[in-house]
Amino acid sequence: MAKVAREMVEKAGVDVDQLLELLVKNAAAELTTYYYYTILRANLIGLEGEGIKEIAEVARIEDRNHFEALVPRIYELGGKLPDDMKAFHDISACPPARLPKDPTDIKAMLTVLVEAERCAVRGYTHLCNMTAGKDHRTYDLSLSILNEEIEHESWFSEFLGEGPSGHFMRRGETSPFVSKFLR
Amino acid sequence: MQIFTKNELAQYNGKNGAPSFIAYNGKVYDVSDSFLWQNGRHQVLHTTGVDLTANLDQAPHGPDLLDKFPVIGWLEDELGSLIKPGPAPAWEKY
C-alpha cells in the first residue's frame, strides 16, 4: 500500500473505502467483460460476423487492459481483489455480457456489446466525478479508461446505425489512452 | 397497485430475503431481479427501500433506465398524499 498516497486522498475528502469498493467492482466488470467478449467474439461468424469481428476484438483486449491497469491502483490505496473468483464475478459493476439466444442475430450481438460499453461509460464517469481534483492518480486512470470505453460505445452504436461515431478506427495499436499504465 | 408509505417501503430493502423496491417520482419499482441491485445495494452508494428521486440527479444516468423495471405501486408522503411527479431533471432540457 502507498500509505501517504492513500492519506492524501482521504485528506481531500474522498471516502477511500467507498472508492476502493467501486474500483474493485469496475475491475470485476472489466475481467468478466473480457471473458464474455471472448465468447461473443468466437461466435461472430459468417459474412455478417466478419464485419464487426475486428472492433469486438479490440474492445475485448482493451477491456482486459483496463483490468490490468486498475489492479495496481486498488492495492496502492490499500484495497485487494476478492479471494474467490466466483464472488468477484458477482460483484461486477455491470451485468454479464452474455451471448444472445441467437448468436447469428448480429443486431442482438451488437446490442449486448453496446449496452456493456454504456454501463462502463456510466461507471467511469462516476469515478471521474468522484475523484476530480481530489485523487489525481485515480482520476487520471479513470479518465483514460473512460476515453476508451466511449470509443467502444461509439463503434458499436455506429454499427447499429444510430449515427456516426465521429472518429476513425485505430490501426496497429490498442489502448492508446490506458497503455501508459501498463508499462 | 399498492400505495406505500416511506416506512412500508423501507421494509423492501433486499435483506434477509425481502424483495428490493425503490421509489422515483412517486412510483415504486421492483428491482429485485436486477443484477445491479443485488442484496439491496447499487454501485456501493444506494440502497433499496428508499425514495431515490433526489439521488437520480447526481447519477451518471437518467430515469429512463428504470423503464425496464415493473411499477408495483405509488409512494405516499407523510401527510398521506400520493407523491406527484416533480419537474423534469435539469439534464432533460438538453
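This part takes up the overall build of chain B. What chain B contains, in helices and strands, is two helices and six strands. In chain B, the succession of helices and strands from N to C terminus is β-α-β-β-β-β-α-β. Residues counted as buried form 22% of the 94 residues belonging to chain B. When contacts within chain B are restricted to residue pairs at least 6 apart in sequence, long-range pairs at least 24 apart make up 68% of them.

Attention now goes to unusual backbone geometry. Residue and element names in this part refer to chain B. Despite not being glycine, N25 has its phi angle at roughly 50°, a positive value. Mapped onto the elements, N25 comes out in the loop between β2 (21-24) and β3 (27-30). Note on N25: 18 C-beta atoms within 10 Å, which makes it partly exposed. Positive phi, close to 50°, is recorded for Q43, a residue that is not glycine. Relative to the assigned elements, Q43 resides in the loop between β4 (41-42) and β5 (46-47).

This part covers the nonpolar core. Counting residues in each nonpolar core, the largest one holds 41 residues, and the members touching the most others are L23, Y37, L40, A56 and L113 of chain A. At the level of secondary structure, the elements contributing two or more residues to this core comprise α2 (16-42), α3 (46-76), α5 (106-131) and α6 (136-159) of chain A. The element that contributes the greatest number of residues to this core is α2 of chain A, accounting for 13 residues. Beyond its immediate sequence surroundings of up to four residues, L23 of chain A is in contact with L70, R73, I74 and G79 of chain A. Counting 13 residues, the second-largest nonpolar core is a separate cluster that includes F4, W37, F69 and L75 of chain B.

Definitions and cut-offs
Residues numbered from 1 in each chain as written. Chains lettered and ligands numbered in written order. Predicted model: local features only at pLDDT ≥ 70, side-chain atom pairs only at ≥ 80, totals over all residues. Helix = DSSP H or I, 4+ residues; strand = E, 2+ residues; numbered from the N terminus. Buried ≥ 20, exposed ≤ 12 C-beta atoms within 10 Å, placed from the backbone. Contact = placed C-beta atoms within 7 Å. Core = buried A, V, L, I, M, F, W, Y, C linked by C-beta atoms within 7 Å.

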